[in-house]
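# Reading the structure
Each chain is listed here by its residues.
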Amino acid sequence: MRPFTSTISLDEARRRLDAAVRPIARTERVPIEHAAGRVASADVTSPMDVPPFARSAMDGYAVVAADTAGASTSTPARLRQLDRIYTGQLSSITVTPGACVEIATGAPLPAGADAVVMVEETAKAADGAIQIFSAAAAGQNISRRGADIATGDRVVASGNVLTPSRVGALAAIGCVDVEAFAKPRVAILSTGNEVIEPGRTLAPGQIFDVNRFTLGAIVAAHGGVPEPHRPAQDTVGALVAALDACALADLVVFSGGSSVGERDLVVDAIAARGEMIFHGIAVRPGKPTAFARVKGTPFFGMPGNPTSCLSNAYILLVPFLRAIARLPPHAPRTVQAPLGRKIVSAAGRHQFYTVRLTDGVAYPAFKGSSDITSLSQADGYLEIPSDQSVVDEGAMVKVTLF
Ligand code: AMP
Ligand code: MG
């Protein structure tokens, strides 16, 4: 054993991680079908007006506004209908004083008209004349050409996250694809002689790989592209070879072997290939966590215990990955709830304690760092700072929801 001589605080770990962030610089063109959630890497200015023509915003009648002056229910204006315009067509007819054209929402405004009266404010008289029951103001119910987006307007700025509405704005100006920052490639690799891939038969002493899948899910949900690797054996040689196999990634996440046992050799592999930035954080779960740089690439060495690994992924990996991906910080929802049972926490370590919410009460759900159900059967977690050791039953706690 090579015990931890010291651990750093969670705050200090966060500071060192923040300092190590290098936002991704690579860019690529992304079809707009796949652009949602991506980060634009260049401004997009519109080459056209939207709408490209003046159009009606209502189903009704295109009129000369002056013809309707003083119109009311008792004294309607009477206009002669010249034509009917549907969407997707142009009318060659000009609306002259005393006349009108029936028009559909979205259809081009005919020449001569300067207002649209909605159909609800009209009626067709027995003689075929169109009665208008309210005075129209010039411009009423018309979307001017370029009213939404004018030629030269900036539709998306570099650094914007492409929300569904921004994808919509790109679509409105006829974009087929958009320049976006590449998603960070995140190599994910489990270590341990006992860890095998699903689909195989467990031999005595073996377990199925959990961390590759929890980490992969987290990475995919926060803007990265998970690149899973086969589990590596617990030898320095195998781990160094595994590091080398991840050389093309933007971020490397190993799990297991990061502690201080004889077979915990991730530290030795880092010594062979990179520089350690920290090893050991005063948190529970998740103390044996390493962070390093391997030939310029950031490297997380997560604990092998599935709950420790995933807890640290939420707390440390997610903010780091999002910063690299140029995504805004994740803001998980929180709720206040009374604690259903007293919790005793290890002094000197910042504890993340999982809870299940039942009828608005937070019940402890943490079983052990090795138990994935500590998380999978919890709704969220509360934080117990390192200088606090007891949270009493009934105390109001802030629960961060998963
Ligand atoms: P380690 O951090 O390598 O000392 O592993 C701590 C515990 O987590 C051991 O019981 C391992 O068998 C287990 N473990 C390590 N890696 C994984 C993994 N990828 N999936 C599930 N359990 C793991
Ligand atoms: Mg191990």
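Computed from a predicted structure; not experimentally measured. (Residues numbered from 1 in each chain as written. Chains lettered and ligands numbered in written order. Predicted model: local features only at pLDDT ≥ 70, side-chain atom pairs only at ≥ 80, totals over all residues. Heavy atoms only, no water.)

### Quick look at the overall build of the protein chain
Assigned secondary structure in the protein chain consists of seven helices and 28 strands. For 402 residues, the compact-globule estimate of 2.2 N^0.38 gives 21 Å, and the protein chain exceeds it by more than 25% at 32 Å. A principal-axis box enclosing the C-alpha atoms of the protein chain has dimensions of 100 × 50 × 40 Å. Counting the 402 residues in the protein chain, one finds 46% classified as buried. Within the protein chain, residue pairs in contact and separated by at least 24 positions form 70% of the contacts whose partners lie at least 6 positions apart. Of the roughly 18700 Å² that the protein chain leaves accessible, carbon and sulfur atoms contribute 52%. (Helix = DSSP H or I, 4+ residues; strand = E, 2+ residues; numbered from the N terminus. Rg over C-alpha atoms; globule rule 2.2 N^0.38 Å. Buried < 20%, exposed > 50% of the residue type's maximum accessible area, 1.4 Å probe, protein only. Contact = heavy atoms within 4.5 Å. Areas by Shrake-Rupley, 256 points an atom, 1.4 Å probe, with all protein chains shown as cover.)

### Overview of the layout of surface pockets
Volume-wise, the largest pocket comes out at about 550 Å³. Lining the largest pocket are 22 residues, with Tyr314, Ile315, Val318, Pro319 and His330 sitting closest to its centre. Every element with two or more residues in the lining of the largest pocket is listed here: helix 1 (10–20), helix 6 (306–324), strand 26 (380–384) and strand 28 (396–401). The greatest single-element share of the lining of the largest pocket, amounting to seven residues, is contributed by helix 6. Looking at the lining of the largest pocket, you find at least three residues from each of domain 1 (10–25 + 183–324) and domain 4 (334–401). (1 Å grid on protein atoms, 1.4 Å probe; cavity = no way out; pocket = protein on both sides within 12 Å on 5 of 7 lines; lining within 4 Å. Points joined across faces, edges and corners; volume = space filled by probe spheres on them. Domains from an automatic or database assignment.)

### Considering the site of ligand 1
Taken together, the neighbourhood of ligand 1 is formed by 16 residues, with Glu194, Asp209, Val210, Gly257 and Gly304 sitting nearest. One of the side-chain nitrogen or oxygen atoms of glutamate 194 is found 2.4 Å away from an oxygen atom of ligand 1. Here an oxygen atom of ligand 1 sits 3.2 Å away from a polar atom, N or O, in the main chain of asparagine 305. When ligand 1 is considered free in solution it has 480 Å² of accessible area, and contact with the protein chains removes 76% of it. More than half of the atoms belonging to ligand 1 lie within 2 Å of the grid points that define the second largest pocket. Its residues assigned to classes, the shell around ligand 1 comprises five nonpolar, eight polar and three charged. (Near = heavy atom within 4 Å. Polar contact = N/O pair within 3.5 Å; in protein donor to acceptor, adjacent residues only side chain to side chain. Sits in = over half its atoms within 2 Å of the grid points. Nonpolar A, V, L, I, M, F, W, Y, C, P; charged D, E, K, R; others polar.)

### Comments concerning the sheet that holds strand 20 (residues 290–294)
Pairing within the open sheet is mixed, and its six strands lie in the order 16-13-17-21-20-18. Lying at the two open borders of the sheet, with one neighbouring strand each, are strand 16 (225–228) and strand 18 (274–279). Shown here is a sheet whose adjacent strand axes are inclined to one another by a mean of 25°, direction ignored. Both strand 20 and strand 21 (residues 297–302) contribute to a ladder of five bridges, which runs antiparallel. Note that in strand 21 the partner of phenylalanine 291 across the bridge is phenylalanine 300. Strand contacts of helix 6: strand 13 (185–190), strand 17 (251–255), strand 20 and strand 21, with the helix running at about 170° to strand 21, the strand carrying the most contacts. (Pairing = 2+ DSSP bridges. Axes fitted to C-alpha atoms, helices over the stretch in contact; angles between N-to-C directions.)

### Regarding helix 6
Of all the bends in helix 6, the greatest, near 45°, is centred on alanine 313. With 16 of 19 residues buried, helix 6 is to be regarded as a mostly interior element. Residue arginine 326 follows helix 6 closely and has a positive phi angle near 70°. (Bend = angle between axes of the 7 residues up to and from the residue.)

### Some points on the packing of aromatic side chains
Under the defined criterion, the tally for this structure stands at nine aromatic pairs. Aromatic side chains tyrosine 381 and phenylalanine 402 sit 5.8 Å apart centroid to centroid with 45° between the ring planes, which places their arrangement in the tilted category. Placement of the pair is tyrosine 381 in strand 26 and phenylalanine 402 in the segment after strand 28, with a sequence separation of 21 residues. Note on phenylalanine 402: relative accessible area 38%, which makes it partly exposed. An aromatic cluster is built from Phe278, Phe291, Phe300 and Phe320, whose rings are joined through pairwise contacts. (Phe/Tyr/Trp six-rings, centres within 6.5 Å; stacked < 30°, edge-to-face > 60°.)

### Structural notes on unusual backbone geometry
Note the cis peptide between valine 50 and proline 51, where omega equals -5°. Counting through the fold element by element, proline 51 comes out in the loop between strand 2 (44–45) and strand 3 (55–56). In this structure, proline 285 follows arginine 284 across a cis peptide bond, with omega equal to -5°. Within the secondary structure layout, proline 285 lies in the loop between strand 19 (283–284) and strand 20. Located in the positive-phi region is asparagine 141, a residue other than glycine, with phi close to 60°. Within the element layout of this structure, asparagine 141 appears in the loop between strand 9 (130–132) and strand 10 (142–143).

### Structural notes on the side chain of threonine 354
The topology assignment puts threonine 354 in strand 24 (residues 350–358). Among the polar contacts listed, one links the side chain of threonine 354 to the backbone oxygen of serine 374, at a separation of 2.7 Å. With sequence-adjacent residues up to four places away left out, threonine 354 is seen in contact with Tyr363, Pro364, Ala365, Phe366, Ser374, Leu375, Ala378, Gly380, Tyr381 and Phe402.

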